[in-house]
Amino acid sequence: MQSRYVRRFSASERLAHWLHFLAFTVLLGTGGFLYMPALQPFTVGAAGEAARLAHRVAAVVFIVTPLLYLMGDSRGFLGSLRESFSWGADDLRWLRLAWRYYTQGANAEGVPPQGKYNAGQKLNALTQIIAFILFTITGLIMWFGHGAVAPAVFRWSVIIHDLSVTAVLALFLVHLYQVSIHPFTRESIMAMFEGVVTREYAEEHHGKWYEEVKASGEVG
Amino acid sequence: MGKVSLLIDTSKCTGCRGCQVACKEWNDLAATDTTNWGSYENPPDLSASTWTRIAFHEVEGDSGVKWLFLKQGCMQCTQAVCVEVCPTQALQHHDMGFISLDQERCNGCGYCAEFCPFQIPRLEANAFTGQGKITKCTLCQDRVTNDMSPACAKTCPANAIYFGDRQEMLATAKQRVDELKAGGHSNASVYGETELGGLGRMYVLLERPAQYGLPENPSPALAGFWQKGIQPFGYAAVGLTLLGLGFNWLAQRRNSALSVKAQEEA
Amino acid sequence: MTNHWIDIKNADVIMIIGSNAAENHPISMKWVEESRRNGGTLISVDPRFTRTSSLADIYAPLRSGTDIAFIGGLINYILENELYHKEYVAEYTNASFLVNPDFGFDDGLFVGYNPDKRGYDKSAWSYQTDAQGLPLEDKTLQDFNTAFQHLKRHYARYDLETVSSITGTPKDALEKVYSAYAATGQPGKSGTIMYAMGATQHTYGTQNVRSYALLQLLLGNIGVAGGGINALRGLHNVQGSTDMCLLFHILPGYLNTPIEADQTLEAYLARSTPQTSDPNSVNWWKNYPKYMVSLLKAWWGEAATTENEFAYQYLPKNGADYSWISLFEAMYQGDTKGFLVLGQNPAVSGPNANMERKAMENLDWLVVVDLWETETASFWKRPGANPDDIKTEVFLLPAASYVERDGSVTNSGRWVQWRYKAIDPLGDSKEDLWIINQIMQRVQGLYATDGGIFPEPIVNLTWDYGDGVPDAEQVAREISGSALVDLLDADGNVLVPAGTQVKNFTQLRDDGSTAAGNWLYGYYTDAGNLAKRRDSVDKSGIGLYSNWAWDWPVNRRIIYNRASVHPVTGEPWDQEHPVIRWDAAANKWVGDVPDGGTPPNTIHPFIMKPEGHGRIFGFGRTDGPFPEHYEPWESPVANLLSGTQNNPVFKIWASEMDHKGEAGQYPVVATTYRVTEHMQAGAMTRNLPWLVEAMPELFVEMSRELAAQKGIKNGDQVTVESARGAVKAVALVTSRFRPFQVNGQVVHQVGVPWHWGYSGASTGDSANTLTPHVGDANTMIPEYKAFLCDVRKVV
């Protein structure tokens, strides 16, 4: 009997995602204290030191996660990477019509069918990758660079680190909204818990990918 | 008491380093292991256990060699970058015009150390955990708030360190510079009158500031960028995102309702 | 100091020569700066550009050991340009006195030299006198035989070119110094000379200082505010220890030690008490018998009677040389068996330290009284020594520090200041007074019970300090002097009742009715201990602070101050800074305590000399009435001024460890000095972490040129080697040292601080393993400041 579901994410991918999520939220929280006057008591003295320590522990997890992903599921890792960097006319068109997609649904007029990741997801992934690199470099400079790098390098590191947060945070909020609130797309969160989405969802939101999966014979 | 200031008259300083030792004695700071590195100068840098020190600058000029001594330490800026970047208010402007440091509040982030235009605060932290506290001269807060002069000023045998009301110090400094200029020191100047809004540690310099390793025009550099730039920008970005998502939610709800209605009508 | 620290502020020109005051006397710079603030000029003369030089208006480098050439050139400049204080020179100095026609000088030697004895027959170093024995004078100073003309002829050879060739000082720097300093010869202007060990530690160190004195007399700078010749003492109480005779050749208060010829008190007093028939000469030393007899009474009390010459015979009369170098030479030869060391560290501070450490191995016993286990206390386990081979029994007695005991200290300005104990001595440490008292009581007890060859001087010694810690104030009273019986004035009234303190030395007597441990130190009077006075109000306007502590003699802050006024009117040369002034209405002097209270135009101002005049022609020294330039014992160059290479009079020793280095093997001139951060032989500072942190290691300063020649980079480990030893040090390559152009030849110089040794928290080689075992012809102070070495990189 034909399965109701299509396999979307491997266990490694899911594990990496949730580790990344966990690390990111800890980093966001412990770093974010600095920006919110109401939360500043958490930055002061011993609490602040604990927050800074937690930030570092989370940073290690944050940096190591992609490696775990690569080791656990190199095909998935490389495939997702390739996917994120391959952009076609449909992607651009999708972006132009993204508002329609999000307000009227995947079947709205003119919205082209998408691959495994739609252009919005690709954009998110690209931002995450760039931010990851920036976070890592500037973070390490701030961690180990005291007295070792020129003050200007340190100062710019702080600024770049903080700007990266702003960009990533905005996308993170969009992401959260889509997978937990938005009625058209929230079903997709299943893929991160169970590893699968329904055939209907796959066909509707990732038409090209569904066809490929069907063609490969992995689903009947 | 109004704003106070140290005034260091480099034209009188003999480089004896009594101030360096008196600071350690009063503030109970440990001696560090040093070696002679081809200089009279030691310890080689400010540190958690060295809040003030004399830097020796040997300058060769047309009129022969000069040996300039500069007592380093916190400049107690009016426009204090350290206070601006400190996320915990461990560093604060004291009413008397110096920058106080509450180590209980410090979380060891070290931003002050990196953003200070004079590179004065020092963070001695565990390289991995980052745990540590910032240290710097606080003008002997415990002394000056009890009607005593800072330990360095108290001990200076050459009378090269003055302490008192900032306006008086400034007047003394200007008078001294006039004397020095009249005596042929054409490069003599007051340092700290206006720099960074006015410093609580001023110098009478015999030569250009650069010859003492002081920045000619100290600037807050990127300090304000954080509070004045990134923070509002971050708030705006997150706010706009949430607003957009809200609109999206309303729009899709309206569309869903419309399509349900259309189906019903159909 | 003829003057005192605060008085430096009154100077118009300050010449710091043979001293690095900013480094070693930091407080003095406060007053130097005060002078500069009032328009004063600071001159720094030093082989290297020092912390003092960094503050100076004029810096002049000179090769170590060429001070006499430098100052001689200045004297010549002053004479040639007639910049001397003419009235002062004519009236107050012996410039106008006619010198014995037999006196002469040739090729570096004064008349009367005996090369076999390495000494002078000084009979021709004298004045021509009239029938009454008064010196003949020519106030015009023109007579060929006047001291002034002799002076002129002597220093005519010290022209700019020659001086520059000897000292290595560039001519323009010489001229700058000369014109600035000579300007103080103008009446009303003052110049002061601040000097220290850089001047004295030479085989002609006394003559270095003499050259300053001569200069100051010519310029009228002695006795005036902001003038004088001012020895900056290396420790807080060096002046006090000198006054109290911690030198081998004097008794307390600069009284003579008896020599063989002084077989009776009468003979001793006759030799020691100068005579004059000049009614205007105060000749203060005419009082010598009062001071000597009072001293004998203080020492031997009841046992000192008119019948036994006041116990004069208790004193040894060999006049032997017990100077530092001689003591260690004797120890090295095995002649000295026991050694008691208090507050000294010879293993680090003595010249040719390897030899002096070796010499201590010949001792049967050694007692060290110190705060720390010094290099001296641990000499038997020093690097390279085998403790099994050293039989010396060593005792280390823990001493109380200066904050743990009461007593007086005398600063360079002769101020006797009382210090109070802050805390009780820690642990087992004991006050010096307690230690000396315990030792002396036992020695006295042993002599009393066991007898000996000559027990009386010991047994009869006044020693009544009890069993506990002796009362420092009791000692102070004993030193200051008291009446033993009622002292009566000429009318028979009681002037000083028996048992009370005398007012000052004018009340001391030579009949045994008074006792005083040191005639100069009359600071404990019936008004109490004046060293405790702390009145910080200055009524003088020139910073005398006359009611702060007490100054010897008789609280006189500036000595020879009668020379600060016009001889006839009594008006100060310098109206702005009057030391004293004759108040005709009140018929008395106002200001400082005058050097003689009689009206103007009655006495000569230099009251300590029988002729009452400052000596341009100074025949008291062993090595000549005028300072003459000689090269240090070890020098890379020949004496340009004469065929007499070295001071012809100083003693040369010849033990197998007294090596002399030659320029071929050791071409570099070396000198030793101190740094602010460390104290003397270092025990007190090399054990203090903050000071060790600031100055952690032995270093050697050298020019960039020498470093380049030797392939040495700043911070390299190098070896400095002399004929006597070698030290490892960090090279401090600096533009503050420059090579000297000496007679067309490049002479390099290096400098090494001498604070380190093998004991304590910060250890290092001792610079004194390099220095020679020769000393000054007059005082025997070692020649630490100029010797030869070589430097090389440690590979």
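Residues numbered from 1 in each chain as written. Chains lettered and ligands numbered in written order. Predicted model: local features only at pLDDT ≥ 70, side-chain atom pairs only at ≥ 80, totals over all residues.

## Considering the overall build of chain B
Next up, step 1: Across its full length, chain B carries 7 helices and 10 strands.
Next up, step 2: In terms of overall dimensions, chain B is more spread out than a globule: its C-alpha atoms have a radius of gyration of 26 Å, far above the 18 Å expected for 266 residues.
Next up, step 3: Reported as C-alpha extents along the three principal axes, the dimensions of chain B are approximately 100 × 40 × 40 Å.
Next up, step 4: By residue count, 44% of the 266 residues in chain B fall in the buried class. (Helix = DSSP H or I, 4+ residues; strand = E, 2+ residues; numbered from the N terminus. Rg over C-alpha atoms; globule rule 2.2 N^0.38 Å. Buried ≥ 20, exposed ≤ 12 C-beta atoms within 10 Å, placed from the backbone.)

## Some words on the overall build of chain C
Next up, step 1: Counting its regular elements, chain C contains 20 helices and 33 strands.
Next up, step 2: By the compact-globule yardstick of 28 Å for 795 residues, chain C fits well, its C-alpha radius of gyration being 26 Å.
Next up, step 3: Dimensions of chain C, computed from C-alpha atoms along their principal axes, come out at roughly 85 × 70 × 55 Å.
Next up, step 4: Here the contacts in chain C between residues at least 6 apart in sequence split such that 72% fall between residues at least 24 apart. (Contact = placed C-beta atoms within 7 Å.)

## Here we look at the interface of chain B and chain A
Next up, step 1: Residue-level contacts link 37 residues of chain B with 34 residues of chain A.
Next up, step 2: Elements represented by at least two residues in the side of chain B that touches chain A include exactly α3 (111-115) and α7 (223-265) of chain B.
Next up, step 3: Per-element accounting of the side of chain B that touches chain A gives the leading share, 17 residues, to α7 of chain B.
Next up, step 4: Residue composition of the side of chain B that touches chain A, grouped by class: 19 nonpolar, 15 polar and 3 charged. (Nonpolar A, V, L, I, M, F, W, Y, C, P; charged D, E, K, R; others polar.)

## Thoughts on the domain arrangement of chain B
Residue and element names in this part refer to chain B.
Next up, step 1: When cut into domains, chain B gives domain 1 (1-221) and domain 2 (222-266).
Next up, step 2: Each of domain 1 and domain 2 was reduced to a C-alpha centroid, and the two centroids are 51 Å apart.
Next up, step 3: Taken together, the 6 residues of domain 1 in the interface contact 5 residues of domain 2.
Next up, step 4: Here the side of domain 1 that touches domain 2 gets 3 residues from one element, more than from any other, and that element is helix α2 (residues 81-85). (Domains from an automatic or database assignment.)

## What about the interface of chain B and chain C?
Next up, step 1: With 28 residues of chain B in contact, the opposing surface of chain C contributes 33 residues.
Next up, step 2: Looking at the side of chain B that touches chain C, the elements that each hand over two or more residues are α1 (18-27), β2 (53-61) and β3 (64-72) of chain B.
Next up, step 3: For the side of chain B that touches chain C, the class distribution of residues is 9 nonpolar, 12 polar and 7 charged.

## Some points on helix α13 (residues 324-332) of chain C
Within an α-helix, residues lying three or four positions from one another point in the same direction, as the helix has 3.6 residues per turn.
Residue and element names in this part refer to chain C.
Next up, step 1: With 7 of its 9 residues buried, α13 lies for the most part within the structure.
Next up, step 2: Buried residues in α13 make contact with α15 (353-360).
Next up, step 3: Phi turns positive, to about 85°, at Gly-334, one or two residues after α13.

## A look at helix α7 (residues 171-182) of chain C
All names here are of chain C.
Next up, step 1: Given a rise of 1.5 Å per residue, 12 residues ought to cover 16 Å, and the 16 Å separating the end C-alpha atoms of α7 matches this to within 8%.
Next up, step 2: Within α7 the residues assigned to the buried category are Leu-174, Val-177, Tyr-178, Tyr-181 and Ala-182. Angularly, the buried residues of α7 cover 110° about the axis, an arc narrow enough to put them on a single face.
Next up, step 3: In this structure, the buried residues of α7 make contact with β1 (13-17), β2 (41-45), β3 (58-60), α3 (67-80), α6 (160-167) and β8 (191-195). (Expected span 1.5 Å × (residues − 1). Arc of directions from axis to C-beta.)

## Regarding the environment of His-566 of chain C
Residues and elements named next belong to chain C.
Next up, step 1: Position of His-566 among the secondary structure elements: in the loop between β23 (550-551) and β24 (580-583).
Next up, step 2: Separated by 379 residues in the primary sequence, His-566 and Pro-187 have C-alpha atoms spaced 9.7 Å apart.
Next up, step 3: Here His-566 is in contact with Glu-571 and Trp-573, once residues within four sequence places are set aside.

## Concerning the arrangement of the chains
Next up, step 1: Here the protein chains form 2 pairs of chains in contact, of which the pair with the most contacts is chains A and B.
Next up, step 2: Across the gap from chain A to chain C, with no contact made, the nearest C-alpha atoms are 22 Å apart.

## What about the sheet that holds β1 of chain C?
Residues and elements named next belong to chain C.
Next up, step 1: Strand order in this open sheet of 5 strands is β3-β2-β1-β8-β9, and the pairing throughout is parallel. With one partner strand each, in any of the chains shown, β3 and β9 (229-231) form the two edges of the open sheet. Pairwise comparison of adjacent strand axes, ignoring direction, gives a mean angle of 20° for this sheet.
Next up, step 2: As defined by bridge partners, β2 adjoins β3 across 3 bridges and the pair is classed as parallel. By the bridge assignment for β3, Ser-44 is matched with Tyr-59.
Next up, step 3: Sitting on the sheet, α7 is in contact with β1, β2, β3 and β8, with an inclination near 130° to β3. (Pairing = 2+ DSSP bridges. Axes fitted to C-alpha atoms, helices over the stretch in contact; angles between N-to-C directions.)

## Looking at the pairing of strand β13 (residues 365-370) of chain C
Next up, step 1: Sheet topology places strand β12 (residues 338-342) of chain C next to β13 of chain C; 5 bridges connect them, and they run parallel. When the bridges of β13 of chain C are listed, Leu-340 of chain C appears paired with Val-367 of chain C.

## As for the domain arrangement of chain C
Next up, step 1: Along its sequence, chain C is carved into domain 1 (5-236), domain 2 (240-318 + 475-525), domain 3 (324-459) and domain 4 (668-793).
Next up, step 2: On a C-alpha basis, the centres of domain 2 of chain C and domain 4 of chain C stand 45 Å from each other.

## Observations regarding the sheet that holds strand β8 (residues 161-165) of chain B
Residue and element names in this part refer to chain B.
Next up, step 1: Taken together, 4 strands build an open sheet; the order of strands is β8-β1-β10-β9 and the sheet is mixed. Edge strands, defined here as strands with exactly one partner in the open sheet, are β8 and β9 (189-191). The average angle at which neighbouring strand axes cross in this sheet is 20°, direction not considered.

## With respect to the environment of Pro-553 of chain C
All names here are of chain C.
Next up, step 1: With respect to the helices, strands and loops of the structure, Pro-553 is situated in the loop between β23 and β24.
Next up, step 2: The exposure class of Pro-553 is partly exposed, given the 18 C-beta atoms found within 10 Å.
Next up, step 3: Put simply, Pro-553 and Tyr-155 are 398 residues apart on the chain and 35 Å apart in space, counted from C-alpha to C-alpha.

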